[in-house]
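Structure assessment
The lines below spell out each chain.
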Amino acid sequence: MSRRDERQPLIKFVDLQGQHDEIRAEIDAAVSAVIDSGQFVLGPEVQAFEREFAEACGTKHAVGTDSGTSALRLALRSLGIGQGHEVITVSLTFWATTAAILEVGAVPVLVDVDSETCNIDVSMIEAAITPRTKAIVPVHLYGRCADMDPILEIAERYGIHVVEDAAQAAGSTYKGRPAGSLGHMACFSFYPAKNLGALGDAGAVVTDDAAFAERLRVLRDHGAPKKYTHETLGYNSRLDEIQAAVLRVKLPYLKQWNERRRSAARLYRQIVEGVDVFPEDDGQNYHLFPVLSPARDGIRRHLSQAGIETGIHYPIPVHLQPAYLHAGLAPMELPHTEQICARTLSLPMHSQLSEWHVKLVADAIREYSELPKAARESLSSA
Ligand SMILES: *Cc1c(COP(=O)(O)O)cnc(C)c1O
């Protein structure tokens, strides 16, 4: 029997190759058609994708952007948020959520998360609201929607906007409503590893409001409603035709790919032992499948030696990032966020993950718990 190539993991954390093999002919044809069209930025593919993605989200408008980070920045700017304003969000998220708030000149006000859902702790929002608060940005972390109804109720009472960070939530639902249709505006990322991924960077903002959509379109193209007439300082945050064409090929598959992730998640829940799993949520798209263990680092190393790739989302919360402290923001403590960051481990999860893969991962985690104490300790401290 030949030895496994140690440089190649046996089970990848994300398997884009497998996904692309499935639809390779369609992608090749779509990319070729764009090359032949000679139109590469904000053309007919972008327009068609915007229509199709808005429909998938149950919103009237979608505005394609060059990344999820740009989508967030444009959304905040389109709401007039900038210097002297505050935006409430979480620290347990990818850095971009906070970066966008800082980039428009506003102050991120970070609140702790609920330890069962990893999403914003709704009971802590009101205490964080001040006369300067302009928006709440709930993050649908790991593809599980934040508890939007009470968030929208609070926002309405205080006259502030809600911008969903739905970067991880393509195809997720909340009480049957699609992620993206819940707040006043929602931002998506099509970074390759997201559930709907481009072949590079891309993103979108969706909204029901025609005036917001128009402002977003102007801001993404240098603040110019008409070519060479710049009414406001905008950005070059346009979506290009090749990415839009690839996203149009992939969008019809999103439902079935998310369904496969859900099956893998169900099996993980049934057979994984020795780590804590989060409560089930029917609407979750399982962008990630995190588990919790105080022995996270040891388990991670053991899995790696068994050829199983894992991830940590996230090892350092936003409020402990050097760039956050450099921005002059006051140090703070967010106990649930910090506990999760210290213990969370994301198991392999993607649209090509088979039952056999899930069983191997579960076996390897069990194996770790059966190791002698000394072996476990040496893995933890390695
Ligand atoms: C990926 C992600 C972003 C940023 O999207 P990019 O397309 O990488 O710019 C923002 N927020 C969250 C929660 C994300 O996961």
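For the structure itself, consult the block above.
Not measured: the values here are computed from a predicted model.

Look at helix 11 (residues 296–305) against helix 15 (residues 373–381): their axes get within 7 Å of each other, and the N-to-C directions meet at 95°. Classified by the angle their axes make, helix 11 and helix 15 are roughly perpendicular. In contact with Asp297, Gly298, Arg301, His302 and Gln305 of helix 11, helix 15 contributes Leu379, Ser380 and Ser381. Residues belonging to the contact of helix 11 with helix 15 are distributed by class as follows: 1 nonpolar, 5 polar and 2 charged.

Before going further, it helps to spend a moment on helix 9 (residues 241–250). In terms of burial, helix 9 is largely enclosed, as 8 of its 10 residues are buried. In this fold, the buried residues of helix 9 make contact with helix 1 (16–22), helix 2 (24–37), helix 3 (44–57) and helix 10 (254–271). By the N-cap criterion, in which a side-chain oxygen at the helix start approaches the backbone nitrogen of a residue two or three places on, helix 9 is capped by aspartate 240, the distance to isoleucine 242 being 3.1 Å.

Its place among the elements puts histidine 140 in the loop between strand 4 (133–136) and helix 7 (148–158). A polar atom in the side chain of histidine 140 sits 2.8 Å from the side chain of glutamate 164. Excluding anything up to four places from it in sequence, histidine 140 contacts Asn119, Cys145, Ala146, Met148, Glu164, Asp165, Ala166, Gln168, Ala169, Ala179 and Leu182.

Take the nonpolar core next. Counting 56 residues, the largest nonpolar core has Phe53 and Phe190 as the members making the most contacts within it. Among the elements that line this core, the one with the most residues is helix 3, at 5 residues. When sequence neighbours within four positions are dropped, the list of residues in contact with phenylalanine 190 reads Phe49, Phe53, Leu196, Gly197, Ala198, Gly200, Ala202, Gly203, Ala204 and Leu247.

This brings us to the site of the ligand. Surveying the vicinity of the ligand reveals 14 residues, the closest of which are Gly68, Thr69, Gln168, Ser189 and Lys194. Contact distances for the ligand include 2.8 Å between an oxygen atom and a backbone N or O atom of glycine 68. Surface burial for the ligand is 93%, taken as the share of its 380 Å² of free accessible area covered by protein chains. Ranked by residues supplied to the shell around the ligand, first place goes to helix 4 (residues 68–78) with 3 residues. Residues of the shell around the ligand, tallied by class, amount to 5 nonpolar, 7 polar and 2 charged.

So, on to the pairing of strand 3 (residues 107–111). In terms of burial, strand 3 is largely enclosed, as 4 of its 5 residues are buried. For strand 2 (residues 86–90) and strand 3, the ladder comprises 5 bridges, and the chain directions are parallel. Along strand 3, the bridge assignment pairs glutamate 86 with valine 107. One crossover worth recording links strand 2 to the parallel strand 3 by way of helix 5 (residues 96–103), and it is right-handed.

In spatial order, the strands read 10-11-12; together these 3 strands make up an open sheet with antiparallel pairing. Both outer strands of the open sheet, strand 10 (276–277) and strand 12 (344–347), are each paired with one neighbouring strand and no more. Of the strand pairs in this sheet, strand 10 and strand 11 (residues 289–292) are connected by 2 bridges, and their pairing is antiparallel. Considered in strand 11, the bridge of valine 277 is made with valine 291.

Below, the discussion takes up the side chain of glutamate 164. Summarising the element assignment, glutamate 164 is placed in strand 5 (residues 161–165). Comment: no salt bridge for buried glutamate 164; closest opposite-charge side chain is arginine 177, at 8.3 Å. Looking at glutamate 164, its side chain comes within polar contact range of the main-chain nitrogen of glycine 180, at 2.8 Å. Beyond its immediate sequence surroundings of up to four residues, glutamate 164 is in contact with Pro138, His140, Met148, Ala179, Gly180, Ser181, Leu182, Gly183, Met185, Ala186 and Cys187.

Moving on, we get to the pattern of salt bridges. Taken as a whole and assessed by the stated rule, the structure comprises 21 salt bridges. A salt bridge links arginine 217 to glutamate 50; the shortest N-O distance between them is 2.9 Å. Here glutamate 50 lies in helix 3 and arginine 217 lies in helix 8 (residues 210–220), a separation of 167 residues in the sequence. For arginine 217, a relative accessible area of 26% corresponds to the partly exposed category. What emerges from the salt-bridge pattern is a single network uniting Glu45, Glu52 and Arg248.

What follows covers the environment of threonine 65. When you line up the elements, threonine 65 lands in strand 1 (residues 61–65). In this structure threonine 65 comes out as buried when scored by relative accessible area, which is 0%. Considered as a pair, threonine 65 and glutamate 259 are 194 residues apart in the sequence and their alpha carbons are 27 Å apart. The residues touching threonine 65, leaving out its near neighbours within four places in the chain, are Ser70, Ala71, Leu74, Ala202, Gly203, Ala204, Val205, Ser237, Arg238 and Leu239.

Quick look at the sheet that holds strand 5 now. The strand order 1-9-8-5-4-2-3 describes an open sheet built from 7 strands, whose pairing is mixed. The open sheet terminates on both sides in strands that have one partner only, identified here as strand 1 and strand 3. Within the sheet, the average angular offset between the axes of one strand and its neighbour, ignoring direction, is 25°. The pairing of strand 5 with strand 8 (residues 185–189) spans 3 bridges and is classified as parallel. If you follow aspartate 165 over to strand 8, its bridge partner there is cysteine 187. Strands strand 4 and strand 5 of the sheet are contacted by helix 7, whose axis makes an angle of about 150° with strand 5.

Reading the values: rules and limits
- Residues numbered from 1 in each chain as written.
- Predicted model: local features only at pLDDT ≥ 70, side-chain atom pairs only at ≥ 80, totals over all residues.
- Heavy atoms only, no water.
- Axes fitted to C-alpha atoms, helices over the stretch in contact; angles between N-to-C directions.
- Helix = DSSP H or I, 4+ residues; strand = E, 2+ residues; numbered from the N terminus.
- Parallel < 35°, antiparallel > 145°, perpendicular 65-115°, else oblique.
- Contact = heavy atoms within 4.5 Å.
- Nonpolar A, V, L, I, M, F, W, Y, C, P; charged D, E, K, R; others polar.
- Buried < 20%, exposed > 50% of the residue type's maximum accessible area, 1.4 Å probe, protein only.
- Polar contact = N/O pair within 3.5 Å; in protein donor to acceptor, adjacent residues only side chain to side chain.
- Core = buried A, V, L, I, M, F, W, Y, C linked by side-chain atoms within 4.5 Å.
- Near = heavy atom within 4 Å.
- Areas by Shrake-Rupley, 256 points an atom, 1.4 Å probe, with all protein chains shown as cover.
- Pairing = 2+ DSSP bridges.
- Right-handed = clockwise from strand over helix to strand, strands pointing away.
- Lys, Arg positive; Asp, Glu negative; His and termini not counted.
- Salt bridge = Lys/Arg side-chain N within 4 Å of Asp/Glu carboxyl O.

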